[in-house]
Amino acid sequence: ATNQEISKAYRRMSKIFHPDRHHDPVKKKQADVFFNKIKNAYEILSDPNKREIYNRYGMEGLNVQGLEIITRTKSPAEIIAELDRLKYEEEQRRLQRTSPAGEIEVRINATNVFGGYADYEEYDSEYQDDLNYVEITEIRFSQSVEYPLTAKDTTIIGGTVSSKNGIGSGNFLVGYRRQTSDKGWLQGNMGFGSGMTFALQGYRQLTKRCYGKCSTFFGTDETMRRQTMGLSFLISNQFDSHFRGEMALIVAAKPSLRTTIHYDNGKNRAIFTVQVGKSNYAKAVYSRSFETHISNMDFEVIGGSIGWFFAYGVRMKISEFSTIHAKLKITNNGGVSLDIGARRGRQSYFFPILLSEQVLPSSIFYGTFLPTVAYLAVKKLIVDPYVKRKESEDLKKKQERDSDELQQKKKDAEAAVELMQRTVEKSLEQETNRNGLIILKALYGRLVTQDGELVESECIDVKVPLQAQVTDSQLIILESNTKSDLPGFYDPCPGQEKSLYIRYNFRNRPHQVTYEDKDPIRLPLQRHVMQDEKDESFAHQ
């Protein structure tokens, strides 16, 4: 806003809330409270130094931890230095926090259920029951912790323990990452356990749209007789807002070259990969995002020297930090498998289930049908009632916690409306004489319709506050986080989405419009003319 716009708004609001314009002692006292708030806001926005701090840090910059730091003895440079110090202390507190990440994987063999020996007559019924079991073939646990040493240095400690077909193994990992600049980092890892591993990785932002990665690897087995090593290079370039390309070269005993194209427009995501060398194949992945409980639906196809592979699945968001997913994989040399997993924050859980070693219609059907039915049943019977109950409890707690504050804001809004009455009467007289902008009805809150009419149980009447802000047959209110902070407004339904409905006359023609809580307001506009009025106008023409 320009200084002229700020001064104009200050003068307009002063005409409404200045104590000298009210003679009633009660109203005069109420006006004094509002005018002090308006005066304080004007003093901040009209002072270049205070306004600079407000623009950079908001009200927190003007009032840090409850202590007013805007004083006559402190310059803006001192205030900014104080805020930088507080930000540094917050950064140091952040460095004391670790970032743990974990993964649990349980591999299950269910081939005896779909393709075992149960159909063979030579086995008696007792032995057949023994063959129709589900076997856990592998369990793996891994955990890692990132511990920031400084703003640029991080140490990583992790480990993995696994058991496969009754044979256990494990390893311990320690790593160090250094932020070399704002465009790159280096990381080194060492692993001990079933052999030793050494790895070095590097990342560098080459241009605004392009970055590169390089990594090298060396490992030995437990006897130190067998060594493996490799070197890989990757370069990625963002062509535009939707397309990104990658090329990776892996130099090892059997080198390979891989090229990948990514497409992502928010709702649709596609990946196409071609690799030549160690194994020749082409891979295509398509994912579709939804705004429903199914967050993503994925399809994946691979074909090449490794055989063919087809997979489809869904990913669903359970809560803000939790997702579950299921994917059915069909391969010509691996049979049919179902991957089920869940993720909560940085913790992941995977349950790959091998349904059959051949491509069997029964395993494909049950692998698709049973997870879908199970999810819908759990969602309907457990998840939805829990989420609904939790939202209701959170809303009730919030309303109880904010009840006193809400009552005070309601009183302030009612007092502001009382103080606006004289201004509104004058505005209505002026707008009526010029056939200008007259607010007929205005409701703010949770708008609910019943029999075609708005129900006002969760709304408040804001006709007076809006009419008070009409100037020269115009009402302009800029974008804001919420309209409940406007003079004469308050929040009638905390924690719920709110809208503003306005019906008004301009040039003796009825208009109506509904705004979301954060939308800017601009009246009058031709597109707000009521449809019935348009039809009537066309009929006269």
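Up top is the structure.
Thresholds applied
- Residues numbered from 1 in each chain as written.
- Predicted model: local features only at pLDDT ≥ 70, side-chain atom pairs only at ≥ 80, totals over all residues.
- Heavy atoms only, no water.
- Helix = DSSP H or I, 4+ residues; strand = E, 2+ residues; numbered from the N terminus.
- Buried < 20%, exposed > 50% of the residue type's maximum accessible area, 1.4 Å probe, protein only.
- Contact = heavy atoms within 4.5 Å.
- Areas by Shrake-Rupley, 256 points an atom, 1.4 Å probe, with all protein chains shown as cover.
- Polar contact = N/O pair within 3.5 Å; in protein donor to acceptor, adjacent residues only side chain to side chain.
- Pairing = 2+ DSSP bridges.
- Axes fitted to C-alpha atoms, helices over the stretch in contact; angles between N-to-C directions.
- Core = buried A, V, L, I, M, F, W, Y, C linked by side-chain atoms within 4.5 Å.

S.K.: Explain the overall build of the protein to me, using residue names and the numbers behind them.
M.R.: Along the protein, the regular secondary structure elements total eleven helices and 27 strands. The buried share of the protein, taken over its 541 residues, is 30%. Long-range contacts, defined as pairs at least 24 residues apart, comprise 39% of the intrachain contacts of the protein with a sequence gap of at least 6. For the protein, the computed accessible surface area is about 34400 Å², with 54% contributed by carbon and sulfur atoms.

S.K.: Could you give an account of the side chain of Glu 246, with specific residues and numbers?
M.R.: Note that Glu 246 resides in strand S11 (residues 243–251). Only 2.4 Å separates the side chain of Glu 246 from the side chain of Arg 244, close enough to count as a polar contact.

S.K.: Please set out the sheet that holds strand S26 (residues 509–516) residue by residue, giving values where relevant.
M.R.: Here four strands make up an open sheet; going across it, the order is S23-S20-S25-S26 and the pairing antiparallel. Because the sheet does not close on itself, it has two edges, and the strands there are strand S23 (459–461) and S26. Between one strand axis and the next, the sheet turns by 15° as a mean value, whatever way the strands run. Looking at chain direction, strand S20 (residues 438–445) and strand S25 (residues 499–506) are connected through seven bridges and run antiparallel. Paired with Ile 439 across the bridge in S25 is Tyr 504.

S.K.: I'd like to hear about the nonpolar core, residue by residue, with values.
M.R.: Within the largest apolar cluster, 22 residues are counted, with the highest numbers of intra-cluster contacts made by Leu 466, Ile 502 and Leu 523. Taken together, the elements giving at least two residues each to this core come down to S20, strand S24 (475–477), S25, S26 and strand S27 (521–523). At four residues, S25 tops the list of elements feeding residues into this core. Leu 466 has contacts with Ile 439, Ala 442, Leu 475, Ile 477, Phe 489, Leu 500 and Ile 502, leaving out every residue within four places of it along the chain. Grouped together as the second largest cluster of nonpolar side chains are 15 residues, Ile 38, Ala 416, Val 417 and Val 464 included.

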